[in-house]
Amino acid sequence: MSRIGRLPIAIPAGVEVNVAAGNVVTVKGPKGTLERTVPVEMDVKVENNEVVVTRPNDLKKMKSLHGLTRTLINNMVIGVTQGYEKVLEINGVGYRASKQGKTISFNLGFSHPVEMTDPEGIESVMDGQNKIIIKGIDKEKVGQYAAEIRDLRRPEPYKGKGIKYADEVIRRKVGKTGKK
């Protein structure tokens, strides 16, 4: 049995979970509504304030889909109740960002400023000039947008300049040394 897949998902107060035909799971909560189609092979049931995911047989593919399906639904429930957030830090002399409306403008050592617009359902908040907080109810979208911002200027291993996650540790390298 899948250790994760067999755990029931508790539905908190104020959250409504519906499973439609074709395994379309809709989760409504205080922060918004999320909808996702989970694998058709899995059997998703809502019984007495819990969501239970069961698999039809013990094939390797079904075992892997079992845990995945349960985690996807659980992430939706957490998203509509608490939401998700990622914190990015900008390190480097002259590297900074500013926000106007839904657009963030980055100065990252290029000859031009780089601009990014917040996608639908995602909100970015500036904390000073070098800290960006990305918030949303969809874990996948929050992570993807944070990764796209980080890709503008990844942290380099010698001085640590670039955009990094707040909890990320950059492995530092020793630079060149002169000949004797």
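Everything that follows concerns the structure shown earlier in this document.
The following refers to the structure shown. Predicted model only: the values in this text are computed from it and were never measured.

1. Structural notes on the packing of aromatic side chains
Okay, so step 1: Within this structure, the stated rule accounts for 0 aromatic pairs.
Okay, so step 2: One Lys or Arg, Lys86, reaches over the ring of Tyr165 and ends 5.1 Å from the middle of that ring.
Okay, so step 3: For the cation-ring pair, Arg153 lies above Phe110, with the distance from its terminal atom to the ring centre recorded as 4.4 Å.

2. Things to note about the pairing of strand β13 (residues 162–165)
Okay, so step 1: Here β13 shows no split at all, with Gly162 and Lys164 on one side and Ile163 and Tyr165 on the other all buried.
Okay, so step 2: Pairing of strand β7 (residues 84–91) with β13 involves 4 bridges; the strand directions are antiparallel. The residue bridging Ile90 from the neighbouring strand is Ile163, located in β13.

3. A short note on the sheet that holds β7
Okay, so step 1: In spatial order, the strands read β11-β12-β7-β13; together these 4 strands make up an open sheet with antiparallel pairing. For this open sheet the edge positions go to β11 (122–126) and β13, each flanked by a neighbour on one side alone. On average, each strand axis in the sheet is inclined to that of its neighbour by 25°, with strand direction left out of account.
Okay, so step 2: Direction of pairing for β11 relative to strand β12 (residues 131–136): antiparallel, over a ladder of 5 bridges. Bridge pairing in β12 links Met126 to Ile132.

4. Points about the sheet that holds strand β2 (residues 16–20)
Okay, so step 1: In space, the 3 strands of this open sheet follow the order β2-β3-β4, with antiparallel pairing throughout. At either margin of the open sheet sits one strand with a lone partner, and together these are β2 and β4 (32–37). Between one strand and the next, the sheet's axes are offset by a mean angle of 15°, whatever the strand orientation.
Okay, so step 2: Alignment of strand β3 (residues 24–29) against β4, held across 6 bridges, turns out to be antiparallel. Bridging from a neighbouring strand, Val27 pairs with Leu34 of β4.
Okay, so step 3: Here helix α1 (residues 60–81) sits on the sheet and contacts β2, β3 and β4; the angle it forms with β3, its principal contact strand, is near 20°.

Conventions adopted
Residues numbered from 1 in each chain as written. Predicted model: local features only at pLDDT ≥ 70, side-chain atom pairs only at ≥ 80, totals over all residues. Heavy atoms only, no water. Phe/Tyr/Trp six-rings, centres within 6.5 Å; stacked < 30°, edge-to-face > 60°. Lys NZ or Arg CZ within 6 Å of the ring centre and 35° of its normal. Buried < 20%, exposed > 50% of the residue type's maximum accessible area, 1.4 Å probe, protein only. Helix = DSSP H or I, 4+ residues; strand = E, 2+ residues; numbered from the N terminus. Pairing = 2+ DSSP bridges. Axes fitted to C-alpha atoms, helices over the stretch in contact; angles between N-to-C directions. Contact = heavy atoms within 4.5 Å.

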